[in-house]
Amino acid sequence: MDYAEGLRSELRVLWRNILLKRAPHVVAWAEACPLASIPSGPAATPYLQALSIWFQLLRIIDENAAVRTRRLTETKDGVDAVEGGFAEALSDLSLSPKQTRELTRELLAGPTLTAHPTEAKRVTVLEIHRRIYRNLVSLETQRWTPTERSELLGALESEIDLLWLTGELRLSRPSLHDEIEWGLQLFRDAIFGAVPQVMDRFDQACLHVLRQTLNVTPNIRFHSWIGGDRDGNPNVTTEMTSLALKRGRETAIDLYLQAIEQAASRLSINALILPLPEPHATRLKTIIARAPMSERNPNEPFRRALSAIAHRLAEDHYGHISQFVRDLDALDSALCAINAELLARQHVRPLRRAASVFGFRTATLDIRQNSTVTTSVLAELWALSGPVPDFGSPEWSRRLRTELADQNLKCPAKDQLSDQAKELLALLALMHSVCNGPDPKAMGPFILSMTRSADDILGVYLLARYAGFGAETLDISVVPLFETIADLRNAPAILQEVLKVPLARRSLKTGGNLIEIMLGYSDSGKDGGYFCSTWELDRAQRRIVSALASQGFSAAFFHGRGGSVSRGGAPTGRAIAAQPGGTISGQLRLTEQGEVVSAKYANRGTAAAHLELLLSSTLRHTADQNETRARPEFDDALDALSELSQTTYVSLLEMPGFLTYFQDASPVEELARLKIGSRPARRFGAASLDDLRAIPWVFAWSQNRHLIAGWYGFGAAMSSFRRFRGARGDEVLQDLFRQSRLFRLAVDEMEKSLYQTDMAVASQYAELVRDPETRQRIFGAITAEYASACDAVKFLTGGRAIGDRFPRLCERFERKRAELGRIHTLQVDLLRQSRDKTRTGAAAVPLLQSMNAISAGLGWTG
């Protein structure tokens, strides 16, 4: 029995003990073979709760086993055998120390915690999960006596009992303040400690592979949208953004103070025993003199210096983050000067490295707003002085550029403005003030959702001028977010048009000629289907890089990925490796959201492993100059497959009755009752398919196991391509699958989606569609395309059964398949009950529980 299997056996006993205590009638049901159906209505509650908890325990076991396997691999085979680690990357790349140092200086990873409502579990539940994980780590050691091990198992059982007694469902929608604290808790629990550990691993890898350390480490800058993302969320105001900034600063300082207190308790170095050499003694005296100090520990300069640093931190006496870092550097250097580098590495350097990453902010707070809002506010401002031209007209563009060039632009009288306009100008003014504060990196860029034209971007620049930014250059980064297929195709021309405007060009040059561009995986997937989106995102990056290079600029891409395949989710290392050559160049930002955040960052070991993989993969891509050159016939095939796939996908969405099918055959409308975020499920309160957010779109198709967002259109595209291209087309496709990282990754991820799709389960949901003709026509199309997509994947993989190439995924999923099937059957019945006007409310709680349980079983929501 392997380690994970042993854990599953032990925890199943503990889970059974809780069932015997809390719901004994569920035990016989859970142990029956075959498994019986779940009772419907309110009686379903304990069954769903039992299964959901078991799914959660399985995920925690897998996480613990993965980290343990990583450690054992390093112990047995060496640090360079750890898959995705720094040492493996450096060994494979065979770079010189000088080359590695130069690449590392430019290396920057920017994980971004978003406020998207895809975490179905409560924060309290996540905290219990973390304690269970830590108890499993404790159980790994072999030194416990039988009595001690029994006590650890007892602690585990009590946490499982707490899961049962706490309950998963939120009784009210979380507030924005709750979400802010949820994000910060991840830093307190895991990320703050993981980052110095990652940097240590880089040092160790360099020493192991290059035989020397480089005195340089990769850069990590965490970003957050929690409290800054107001796109469709009326709860995010300037006041809440200020609160998010304040709480981020307080959290970082609290964590520093804890680390300083711990260091001061250890560094009892007596200057009478070992005097400090100059200039280090003077530097520490200067630090000490800046704060009122007691006469305690008069001959212990390190303790006194740390106390002085703590006092300045607590009293907000550091005028800039660089001053704090400089003081920590002085301590580090002083320890090294007395041959105490080990003490520096243990007590000061982790804090110094944390300060370089977290600053006085914890995470850089990005701002996001939709272009419809910025355009509306600009029109309102112009209306104060006369007629407003139509947006998109030559007159609008002309006035926009004229005012941007006006050195004496007058600010409007704000008392005449709407609340929306006042709010946006106040937000921009806040951004301006923070950029001139103690930590300029506390405020990130202004991300413009649904960027459709150069005028959208230039409009934000003009609003920034109205809010008090300068006239020569603007100290604000406006990041266009290209989301739809059409906008991805237009992006290069849009950016070139922006660069024609002198103020915009000057402002962008101050950023080192680097322009950040965000790519939307979610909406492009919803707009054109998974395969079309994948190829258009790849092609857009290459075209943007070329267009900007022609203007003397370079691109830094920000990838708006989600957790599911249809929202760009994929194994981190392979997803980065599949990006077009020359599009990363040392810098990578990507979104981490909802259940993906807790899966990657809830525990220190997992967080450190993920960050190392993110950085090492970015290093690999940047250093790899041997990228296979694009073959014209490959691009031609991908163009054709993309177009054919999009046509098939869009034809489904445009079928008469499709919206009715979607609403009837999925719990998309009921999803609003599942209180998993402070943001509404639709933008601006509309109720059309176009306005539905990508997250509930994916959530709904996963709940009913159609999963069309992850594969629909590919089968028809492959079939048409092979039919018209013949034997030569088959050869091209096989070569493409073998040689193109992008195509291989896309096919792999579609195969995973197809494996998790279950047409038998899907047919149960289809029965909820009231109109028989609509049901048969649309479900028939989905069934046929599913079979076609499976055939397409089998053609590329040599006829192997769907899922065979991913045994670990299949093994994990098969453990839950039977239970998931019964939850789906129950959910269909509960949906019928909830939609029966005569039985309203009878199925409310079990229905929401079923959504949670299915999410836990699949491992993601959207």
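Residues numbered from 1 in each chain as written. Predicted model: local features only at pLDDT ≥ 70, side-chain atom pairs only at ≥ 80, totals over all residues. Heavy atoms only, no water.

K.L.:
Tell me about the overall build of the protein chain, and name the residues and values.
P.N.:
When helices and strands are counted, the protein chain shows 33 helices and nine strands. Taken over the C-alpha trace, the protein chain has a radius of gyration of 28 Å; the compact-globule value for 862 residues is 29 Å, and the two agree within 12%. Projected onto the principal axes, the alpha-carbon positions of the protein chain cover approximately 90 × 80 × 60 Å. By residue count, 59% of the 862 residues in the protein chain fall in the buried class. Restricting the contact set of the protein chain to residue pairs at least 6 apart, pairs at least 24 apart contribute 81%. As presented, the protein chain carries roughly 34000 Å² of accessible surface, and 52% of it is formed by carbon and sulfur atoms. Positive and negative side-chain charges in the protein chain, numbering 103 and 100 respectively, have mean positions lying 2 Å apart. (Helix = DSSP H or I, 4+ residues; strand = E, 2+ residues; numbered from the N terminus. Rg over C-alpha atoms; globule rule 2.2 N^0.38 Å. Buried < 20%, exposed > 50% of the residue type's maximum accessible area, 1.4 Å probe, protein only. Contact = heavy atoms within 4.5 Å. Areas by Shrake-Rupley, 256 points an atom, 1.4 Å probe, with all protein chains shown as cover. Lys, Arg positive; Asp, Glu negative; His and termini not counted. Charge placed at Lys NZ, Arg CZ, Asp CG, Glu CD.)

K.L.:
Outline the pattern of salt bridges, listing residues and values.
P.N.:
Two side chains that carry opposite charge are able to pair once their charged atoms sit near each other. A complete count under the given rule lists 65 salt bridges for this structure. Arg728 is the salt-bridge partner of Glu731, the closest N and O atoms lying 2.9 Å from each other. One end of the pair is Glu731 and the other is Arg728, both in helix 28 (residues 714-739) and three residues apart, which spans about a single turn. According to the relative accessible area criterion, Arg728 is partly exposed, its value standing at 40%. Among the salt bridges present, the one from Arg815 reaches Glu811, with a minimum N-O distance of 3.0 Å. Note that Arg815 and Glu811 are positioned in helix 32 (residues 807-835) at a spacing of four residues, about one turn of the helix. Residue classification places Arg815 among the partly exposed positions, given a relative accessible area of 23%. (Salt bridge = Lys/Arg side-chain N within 4 Å of Asp/Glu carboxyl O.)

K.L.:
Could you give me a rundown of the environment of Pro667, with the residues and numbers involved?
P.N.:
With respect to the secondary-structure elements, Pro667 resides in the loop between helix 26 (658-664) and helix 27 (694-703). With relative accessibility at 1%, the residue Pro667 sits in the buried group. Distance in space between the C-alpha atoms of Pro667 and Asp456 is 35 Å, their sequence separation being 211 residues. Contact partners of Pro667, with chain neighbours within four places excluded, come to Ala700, Gln703, Gln827, Leu831, Arg835 and Met851.

K.L.:
Describe the environment of Gly84, with residues and values.
P.N.:
Note that Gly84 resides in the loop between helix 3 (45-77) and helix 4 (86-93). Gly84 gets classed as buried once you look at its relative accessible area, which sits at 11%. C-alpha of Gly84 to C-alpha of Ala609: the two residues are 525 residues apart in sequence and 8.6 Å apart in space. If sequence neighbours within four positions are ignored, Gly84 has contacts with Glu612, Leu613 and Ser616.

Just geometry here; none of it tells us what the structure is for.
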